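Given next are the chains, with one letter for each unit.
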Amino acid sequence: MNPDTAETAPLSRVQHLVPAAAVLALAMIVAWVSFTREPSEAFLFPRMIASVMLLLALWNFIRASLGLARVGDGLTRKGVGAIAPGLCVIVLLVYFAARYLGFYSASWLAFMSIYSLYDPASHASLAVWVKRVLVTTAFMSVIYALFSLLLQVQTPRGLFI
């Protein structure tokens, strides 16, 4: 699809505007939640991230509204189909399981699930599974060190960390 032709320009704009609006809505929700929760000192880092995310989402939405977003084909059914399984894993494991398992345990499961889902390597190979477990554990160790030890961000606690 060529966004410069008269036939595809309106469709291309809509394909960029819909995801930009969804990202802006999500950024507004995250910012609202981070600024309305207590204790306020526990949400200092999330407030900073939410503010930057909101500004970038607003900028992206304005660019999409003006038709300046011309990278790629925008949102397509094939693209939605490709990311839908990962989004389902994120919603189920991170947002729901975090209350019961703890943030880091649920995030480890989510990362491992998404990594396994999108990794083209064989699911029958033990060596591939060992690699997935090691990469997931290393990634979550860095996240734990960054958020819990360095930034001291409060995360949901559960059955595990």
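Residues numbered from 1 in each chain as written. Predicted model: local features only at pLDDT ≥ 70, side-chain atom pairs only at ≥ 80, totals over all residues. Heavy atoms only, no water.

Draft legend 1. Spotlight on the pattern of salt bridges. One pass over the full model with this rule turns up 1 salt bridge. Notably, a salt bridge pairs Arg132 with Asp119, separated by 3.0 Å at the nearest N-O pair. Taken together, the residues span a long stretch of sequence, with Arg132 in helix H5 (residues 126-150) and Asp119 in the loop between helix H4 (103-118) and H5 at a distance of 13 residues. For Arg132, a relative accessible area of 0% corresponds to the buried category. (Salt bridge = Lys/Arg side-chain N within 4 Å of Asp/Glu carboxyl O. Helix = DSSP H or I, 4+ residues; strand = E, 2+ residues; numbered from the N terminus. Buried < 20%, exposed > 50% of the residue type's maximum accessible area, 1.4 Å probe, protein only.)

Draft legend 2. View of the confidence of the model for the protein chain. In this model, the protein chain carries a mean pLDDT of 82, and residues with pLDDT of at least 70 account for 83%. Scored below 50 in pLDDT, residues 1-8 makes 11 contacts in the model with residues more than four places away or belonging to other chains. (pLDDT = per-residue confidence, 0-100. Contact = heavy atoms within 4.5 Å.)

Draft legend 3. The arrangement of the packing of H4 against H5 in detail. One can describe the packing of H4 onto H5 by two numbers: an axis separation of 10 Å at closest approach and a directional angle of 140 degrees. Between H4 and H5, the angle falls in the class oblique. Judged by the sense of rotation from one axis to the other, the crossing of H4 with H5 is right-handed. Within the contact of H4 with H5, the residues separate by chemical class into 13 nonpolar, 5 polar and 2 charged. (Axes fitted to C-alpha atoms, helices over the stretch in contact; angles between N-to-C directions. Parallel < 35°, antiparallel > 145°, perpendicular 65-115°, else oblique. Left-handed = near helix turned anticlockwise from the far one by under 90°. Nonpolar A, V, L, I, M, F, W, Y, C, P; charged D, E, K, R; others polar.)

Draft legend 4. View of the side chain of Ser34. Topologically, Ser34 is positioned in helix H1 (residues 9-36). Classification of Ser34 as buried rests on a relative accessible area of 4%.

Draft legend 5. Helix H3 (residues 77-101), seen in detail. With 25 residues, H3 extends 34 Å from end C-alpha to end C-alpha; this agrees with the ideal 36 Å at 1.5 Å per step. Along H3, the sharpest kink reaches roughly 35 degrees, centred on Ala84 and followed within four residues by the proline Pro85. For H3, the full list of buried residues reads Gly86, Val89, Val94, Ala97 and Ala98. Looking at the buried side of H3, the elements it contacts are H4. At the exit of H3 stands Gly102, carrying a positive phi of roughly 105 degrees. (Expected span 1.5 Å × (residues − 1). Bend = angle between axes of the 7 residues up to and from the residue.)

Draft legend 6. Structural detail: the side chain of Ser107. By secondary structure assignment, the location of Ser107 is in helix H4. Here Phe103 takes part through its backbone oxygen, which lies 2.8 Å from a polar atom of the side chain of Ser107. Those residues in contact with Ser107, other than ones at most four positions away along the chain, are Val94 and Met140. (Polar contact = N/O pair within 3.5 Å; in protein donor to acceptor, adjacent residues only side chain to side chain.)

Draft legend 7. Focus on H4. Here H4 is 16 residues long and its end C-alpha atoms lie 22 Å apart, about the 22 Å a rise of 1.5 Å per residue gives. Those residues of H4 hidden inside the fold are in contact with H3 and H5.

Draft legend 8. Fine view of the packing of H3 against H4. At their nearest, the axes of H3 and H4 sit 7 Å apart, and the two run at 160 degrees to each other. Our classification of the angle between H3 and H4 gives roughly antiparallel. Between H3 and H4 lies a crossing whose hand is right-handed. Counting all contacts with H3, which are made through Ala82, Ile83, Ala84, Pro85, Gly86, Val89, Ile90, Leu93, Val94, Ala97, Ala98 and Leu101, the residues of H4 involved are Phe103, Ser105, Ala106, Ser107, Leu109, Ala110, Ser113, Ile114, Leu117 and Tyr118. Residue composition of the contact of H3 with H4, grouped by class: 18 nonpolar, 4 polar and no charged.

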